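Given next are the chains, with one letter for each unit.
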Amino acid sequence: MSAPTLRPMTPADADAVAALHVASWRGAYRGVFTDDYLDHHAEAERRQAWHARLNPPAPAADWGVVAQDDTGRLLGFAWVMPDHDPTWGDYIDNLHVAPDLKGGGIGRRLMQAVAQHLRTAGS
């Protein structure tokens, strides 16, 4: 696989981000969340949440970055809340990689992109 393309997350990514988010949760949180929630409710809930995040009623400082392959498949994403906490500052609220691609460096590339963006922004 060639290196993924990293780009800013947009409202058009909401459904794909929600689907990847749930796939990641199903692998990591089975036994933590109920099977009923993960299998029957999580996808609709995450879709609603990501549409709300990416289409806020007022401009927000929060932002995300996605990794995708050359076919447009979403491989991973990170969501950042700058200056979220008065003591600790910026907060990475989500970092997820497609379950079949974990361990391949996509998460590291996303974290590097987040760090670079925060350094450039002065956070």
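Residues numbered from 1 in each chain as written. Predicted model: local features only at pLDDT ≥ 70, side-chain atom pairs only at ≥ 80, totals over all residues. Heavy atoms only, no water.

(A) Representation of the pattern of salt bridges in the model. Tallied over the full model, the rule gives 8 salt bridges. Two residues, D13 and R7, come together in a salt bridge whose shortest N-O distance is 2.7 Å. With its nearest N and O atoms 2.8 Å apart, the salt bridge here joins R46 to E45. Shared partners join several salt bridges into a network, and the residues in it are D15, E43 and R47. (Salt bridge = Lys/Arg side-chain N within 4 Å of Asp/Glu carboxyl O.)

(B) Here's a closer look at the packing of helix α1 (residues 14-28) against helix α2 (residues 35-54). It is at 8 Å that the axes of α1 and α2 come closest, and there the two elements cross at 140°. Accordingly, the angle class assigned to the pair α1 and α2 is oblique. Judged by the sense of rotation from one axis to the other, the crossing of α1 with α2 is right-handed. On the side of α1, the interface is formed by A14, D15, V17, A18, A19, H21, V22, W25 and R26, while α2 contributes Y37, L38, D39, A42, E43, E45, R46, R47, W50, H51 and L54. By residue class, the composition of the contact of α1 with α2 is 11 nonpolar, 2 polar and 7 charged. (Axes fitted to C-alpha atoms, helices over the stretch in contact; angles between N-to-C directions. Helix = DSSP H or I, 4+ residues; strand = E, 2+ residues; numbered from the N terminus. Parallel < 35°, antiparallel > 145°, perpendicular 65-115°, else oblique. Left-handed = near helix turned anticlockwise from the far one by under 90°. Contact = heavy atoms within 4.5 Å. Nonpolar A, V, L, I, M, F, W, Y, C, P; charged D, E, K, R; others polar.)

(C) Examining the packing of aromatic side chains more closely. Counting across every chain of the model gives 7 aromatic pairs. Relative to Y37, the ring of F33 lies with its centre 5.5 Å away and its plane at 65°, an arrangement referred to as edge-to-face. Taking relative accessible area as the criterion, F33 reaches 32% and is therefore assigned partly exposed. Their ring planes at 85° and their centres at 5.3 Å tell us that W50 and F77 sit as a pair that is edge-to-face. (Phe/Tyr/Trp six-rings, centres within 6.5 Å; stacked < 30°, edge-to-face > 60°. Buried < 20%, exposed > 50% of the residue type's maximum accessible area, 1.4 Å probe, protein only.)

These figures capture arrangement, not role.
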